[in-house]
Amino acid sequence: MIKVSHLSKHFTIKKREPGFLGSIKALVHAETELIKAVDDVSFDIKKGELVGYIGPNGAGKSTTIKMLTGILTPTSGKITVNGLDPSLNRKENAFQIGVVFGQRTQLWIDLPVEESFDLLKSIYKIDDATYKRKMEFFFDLLSMKDFFKQQARKLSLGQRMKADLAASLLHSPKVLFLDEPTIGLDLIVKEKVREFIRQINSEEKVTIILTTHDVQDIEYLANRIIILDKGRIGYDGNISNFNKLLGNESVINLHFTTGVSKLTLPKPFKVKEKISDLNYVVTGPDKEPLSTLLNGLQKSKVKIKEIQRQKPDLGEAIKKMYAGKSEL
Ligand SMILES: Nc1ncnc2c1ncn2[C@@H]1O[C@H](COP(=O)(O)OP(=O)(O)OP(=O)(O)O)[C@@H](O)[C@H]1O
Ligand SMILES: [Mg+2]
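Reference entry: report on the structure contained in this document. (Residues numbered from 1 in each chain as written. Chains lettered and ligands numbered in written order. Predicted model: local features only at pLDDT ≥ 70, side-chain atom pairs only at ≥ 80, totals over all residues.)

Before going further, it helps to examine the overall build of the protein chain. When you go through the protein chain residue by residue, the secondary structure sums to 11 helices and 13 strands. Relative to a compact globule of 328 residues, whose C-alpha radius of gyration would be 20 Å, the protein chain shows 25 Å and is clearly more extended. With respect to the three principal axes, the spread of C-alpha positions in the protein chain is 75 × 60 × 40 Å. Scored against the burial criterion, the 328 residues of the protein chain give a buried share of 32%. Expressed as a percentage of contacts within the protein chain between residues at least 6 apart in sequence, the contacts between residues at least 24 apart total 70%. (Helix = DSSP H or I, 4+ residues; strand = E, 2+ residues; numbered from the N terminus. Rg over C-alpha atoms; globule rule 2.2 N^0.38 Å. Buried ≥ 20, exposed ≤ 12 C-beta atoms within 10 Å, placed from the backbone. Contact = placed C-beta atoms within 7 Å.)

Taking strand neighbours across the sheet as the criterion, the 3 strands line up as E2-E1-E4 in an open arrangement whose pairing is antiparallel. The two strands at the open ends of the sheet, each matched to only one other strand, are strand E2 (31–45) and strand E4 (76–81). Averaged over all pairs of adjacent strands, the angle between their axes in this sheet comes to 30°, without regard to strand direction. (Pairing = 2+ DSSP bridges. Axes fitted to C-alpha atoms, helices over the stretch in contact; angles between N-to-C directions.)

Attention shifts here to the sheet that holds strand E12 (residues 279–285). Here 4 strands make up an open sheet; going across it, the order is E11-E12-E10-E13 and the pairing antiparallel. Only two strands of the sheet have a single neighbouring strand rather than two, namely strand E11 (270–276) and strand E13 (304–309). Neighbour to neighbour, the strand axes of the sheet diverge by 20° on average, direction disregarded. Pairing of strand E10 (residues 249–256) with E12, which is carried by 7 bridges, proceeds in the antiparallel orientation. Residue pairing for E12: Asn253 is matched across the bridge by Val281.

Surrounding ligand 1, one finds Phe11, Ile13, Ile35, Ala37, Gly55, Asn57, Gly58, Ala59, Gly60, Lys61, Ser62 and Thr63. Residue assignment for the shell around ligand 1 shows that the elements contributing at least two residues are strand E1 (2–15), E2 and helix H2 (61–69). Top element by residues in the shell around ligand 1 is H2. It accounts for 3 residues. Here the shell around ligand 1 is composed, by residue class, of 5 nonpolar, 6 polar and 1 charged. (Near = placed C-beta within 6 Å. Nonpolar A, V, L, I, M, F, W, Y, C, P; charged D, E, K, R; others polar.)

If you look at the biggest cluster of nonpolar residues, it comprises 59 residues, and the most contacted ones within it are Val51, Phe177, Ile208, Ile209, Leu210 and Ile225. Looking at this core, the element that brings in the most residues is helix H6 (residues 157–169), giving 5 residues. If we skip the residues at most four places from it in the chain, Val51 touches Ile45, Ile209, Leu210, Ala222, Arg224 and Ile226. (Core = buried A, V, L, I, M, F, W, Y, C linked by C-beta atoms within 7 Å.)

This paragraph deals with the packing of H6 against helix H7 (residues 187–204). Here H6 crosses H7 at 10°, and the two axes come no closer than 10 Å. Relative to H7, the element H6 is oriented roughly parallel. Here Gly158, Met161, Leu165 and Leu169 of H6 lie close against H7, whose contacting residues are Val189, Val193, Phe196 and Ile200. Across the contact of H6 with H7, the residue classes tally to 7 nonpolar, 1 polar and no charged. (Parallel < 35°, antiparallel > 145°, perpendicular 65-115°, else oblique.)

Such coordinate-based values are descriptive only and should not be taken to indicate function.
In structure tokens, the structure reads:
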């Protein structure tokens, strides 16, 4: 559905020394600096996938999304979105994609939301029956009725995001680009928006690229993540493999049927905390199978009542990678 190969976007910016003299110098002889916002990026996204496109501030995420939507033209490389090159077929591409930039609205800010939707209805030539069906779906899932008559500039951030999401989906796009769709939302609206995104993906099979700084968005929505850093891909794969690669420790809770005063564990598992003779918390690498632990415990004749392995901390793993402590 989306093919990106050797994509780069370089910006040349004028360097300017501070102060008045700096401005004069810049006029006469401007030194320039090259910013490789996106630098030789390749990936392939299949129909119906929901991919988390993440990375620290300035990594090049929004620049990628802008190229995928046709707003920016690549410096080099090739993009196809459902068979179209976005920068060459900007208009046709607009009919098959939806976009939400969480940082700014795509609605006509001086118009009531309803009128923006009317405009979109005629731009995309949506028939009355489809429009009605779509709007009922949005009203229902995003509780949009409360602010549909309100001028867009007067909406709260959460209301605005809901309106933007609905607007991006009115023409039933095959692909949806979401650039920080949950930024600044309260927990309840965030959950609503997440659930909505999930539904669009699973029921309507819309292919989604999602950019976010919220780890929970990723955990809840994405199976696959692409991590970008300084314009380059640092990781592309599923979340569980990412955790394994980073050698993350996971926490395991053990309950015994009879008391164990001193617990001996097989390597590489370690006791983290003894809660009582009947309950220990242990840690071990996420990639180490639980059978290693169970076999070891069987040998030391302790009887297990219950065992729970907690999910490794994705946020910690991502932080580690951003900080460059991990080589992938
Ligand atoms: N129009 C432009 N002119 C010059 N430099 C730009 C332009 N747009 C983006 N950049 C630079 O390109 C780099 C990548 O920016 P981009 O907005 O893609 O980052 P991002 O990953 O979306 O970051 P964030 O998480 O903060 O939104 C930054 O260094 C930014 O300053
Ligand atoms: Mg951005």
